[in-house]
Amino acid sequence: APGLLLSNAPHIHAGQSLRSIMWLVVLAMAPAAAYSVYIFGLNALMLIIVSVAVCVAAEAAFCFLMKKPVTVTDGSAVITGILLAFNVPPDAPLWMIGIGAAFAVIVAKQLFGGIGFNIFNPALAGRALLMASWPVHMTTTWHRYGPTNILSQAASNVAGLPEQAYDIITQATPLGALKEGPKLLADLGLAPDAVYRTLFTPEMLKSLFIGNIGGCVGETSALLLLVGGLFLVYKRIVSWHIPASYIGTVAVFMFAYYSLTGFAHAAGATLFHLLSGGLVLGAFFMATDMVTSPVTPRGMILFGLGCGVLTCVIRLWGGYPEGVSYSILLMNSTVPLIDRFTRPKVFGTKHT
């Protein structure tokens, strides 16, 4: 019939646009962002604002100069800015996150062809640049947190740690305390069990779950990140396969490791690893990036499993206490292979 056009498949529309998806992701991150500002104060808010502003400005400027359609209204640059801010310490300098934001958008995203073509998650690529360039700022500018946190300086020394050890441990993130605390006590000729009795207590696990801990801006409240992540699953923006396989792999790996090594606090240590660091943030908001993750359910599960194993390996045997960011970046590089080997079989054809 005149006026009818036949386009290429697929012909099924999910009723969602790229813009609506991106802004729903921003909405899902809003509770964790608001809580981080409440806990860490003005500098955390400024880090989020500067990161988002630089990401949006960099994308607009690049698209304008390259005579490409300006796509800042789709919300992808805003997400990159928020995620990058979520991955830096709350007392980090503003100039540093501005450099990371520009790198994330221009180098990690636009130079690969823009949204839909980038190989690596832009926010994590920006974080990797900051870690390589300014490691002191990225590992020492932790904020002092509230007195109800068991690691705060106002909290009592429940495990009877030596004053020198307790002062150092209270200035670290929980994962940093777990990494360095036993070594510190060993240097003082003391058994490391006092550190474990501090970190694996119900009070500490509660602080980790609620978010009254030291750490990067957006990784501290497992509860609010779970709320946002489950909202995305409910809206079918994120599939359950990557978060479940990622978090599940970390749980099984850590429990098996601590149990097989005869560790007395295997269950507490496993919960500690699940709730600390950027695991929940990475599993729901970064590993699930639709551009840099596999497209098939089997591929997603394999991707999440790989992220989980790498995270555990880095946390247990690497020189850095956290492994979420680098595990996701490493697995991003395997996505083309995963997609290739998990392609569904086309019916009616022969394998050649």
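Everything numeric in this text was worked out from a predicted model, so none of it was measured. Per chain, residues are indexed from 1 in the order of the written sequence. Totals for whole chains, interfaces and linings use all residues, but because this is a predicted model, local features are given only for residues with pLDDT of at least 70 and pairs of side-chain atoms are given and counted only at 80 or more. Heavy atoms throughout the structure, all of them, feed into the side-chain values; hydrogens and water do not.

For the rest of this paragraph, the subject is the side chain of His241. Looking at the secondary structure, you find His241 in helix 12 (residues 241–260). Relative accessible area decides the class of each residue, using a 1.4 Å probe on protein chains only: under 20% of the type maximum gives buried, over 50% gives exposed, and in between gives partly exposed. The exposure class assigned to His241 is buried, which follows from its relative accessible area of 13%. What makes two residues a contact is simply this: any of their non-hydrogen atoms within 4.5 Å. With near-sequence residues (within four places) excluded, His241 lies in contact with Pro297, Met300 and Ile301. Only DSSP runs of H or I reaching four residues or more are called helices, and only runs of E reaching two or more are called strands; each is numbered from the N terminus.

Our focus in this paragraph is the pattern of salt bridges. Salt bridge, as applied in this entry: a Lys or Arg side-chain nitrogen positioned within 4 Å of an Asp or Glu carboxyl oxygen. Counting across every chain of the model gives 2 salt bridges. Taking the shortest distance from any N to any O, the salt bridge between Lys109 and Glu59 comes out at 2.7 Å. Of this pair, Lys109 sits in the loop between helix 4 (94–106) and helix 5 (122–133) while Glu59 is found in helix 2 (residues 42–65), placing the two residues 50 residues apart along the sequence. With its nearest N and O atoms 2.9 Å apart, the salt bridge here joins Arg315 to Glu322. Accessibility expressed as a relative area gives 9% for Glu322, which makes it buried.

What follows covers empty space enclosed by the protein. A pocket, in this scheme, is an open set of points on a 1 Å grid over the protein atoms alone with protein on both sides within 12 Å along at least 5 of 7 lines, while a cavity is a set where a 1.4 Å probe fits but cannot get out; residues line either one if an atom lies within 4 Å of a point. Grid points are joined across faces, edges and corners, and a volume is the space filled by probe spheres set on the points. Considering all chains together, one arrives at 2 cavities of 30 Å³ or more under this definition. The space that makes up the largest cavity amounts to roughly 340 Å³. Taken together, 22 residues make up the lining of the largest cavity; nearest its centre are Met22, Ile79, Phe285, Asp289 and Met290. For the lining of the largest cavity, the secondary structure elements donating two or more residues are helix 1 (18–40), helix 3 (76–86), helix 5 and helix 14 (279–286). If one sorts the elements of the lining of the largest cavity by residue count, helix 3 sits on top with 4 residues. Classification used: nonpolar for Ala, Val, Leu, Ile, Met, Phe, Trp, Tyr, Cys and Pro, charged for Asp, Glu, Lys and Arg, polar for all others including Gly. Here the residues of the lining of the largest cavity are counted per class, giving 15 nonpolar, 5 polar and 2 charged.

Further remarks concern a nonpolar patch on the surface. Only residues whose relative accessible area exceeds 30% and that form no salt bridge are eligible for patches; like-charged ones are grouped when within 9 Å, while nonpolar side chains (Val, Leu, Ile, Met, Phe, Trp, Tyr) are grouped when within 5 Å. Surface accessibility in these figures is a Shrake-Rupley result with a 1.4 Å probe; residues are shielded only by whichever protein chains are displayed. Taken together, Leu42, Leu45, Met46 and Ile49 make up a surface patch of nonpolar side chains, about 350 Å² in accessible area. Mapped onto the elements, Met46 comes out in helix 2. Relative accessible area serves as the criterion here: at 31%, Met46 is assigned to the partly exposed category.

Another aspect to go through is helix 8 (residues 174–187). The span expected for a helix works out to 1.5 Å for each residue beyond the first. An ideal rise of 1.5 Å per residue puts 20 Å on 14 residues; helix 8 measures up with 20 Å between its terminal C-alpha atoms. What is called the bend at a residue is the angle between a pair of axes, fitted to the seven residues leading up to and ending at it and to the seven starting from it. Most pronounced at Glu180, the bend in helix 8 amounts to some 35 degrees, and the proline Pro182 follows within four residues. Most of helix 8 sits inside the fold, with 10 of its 14 residues counted as buried. Two residues or fewer past helix 8, Gly189 is found with a positive phi of approximately 75 degrees.

On their own, these measurements won't tell you what the molecule is for.
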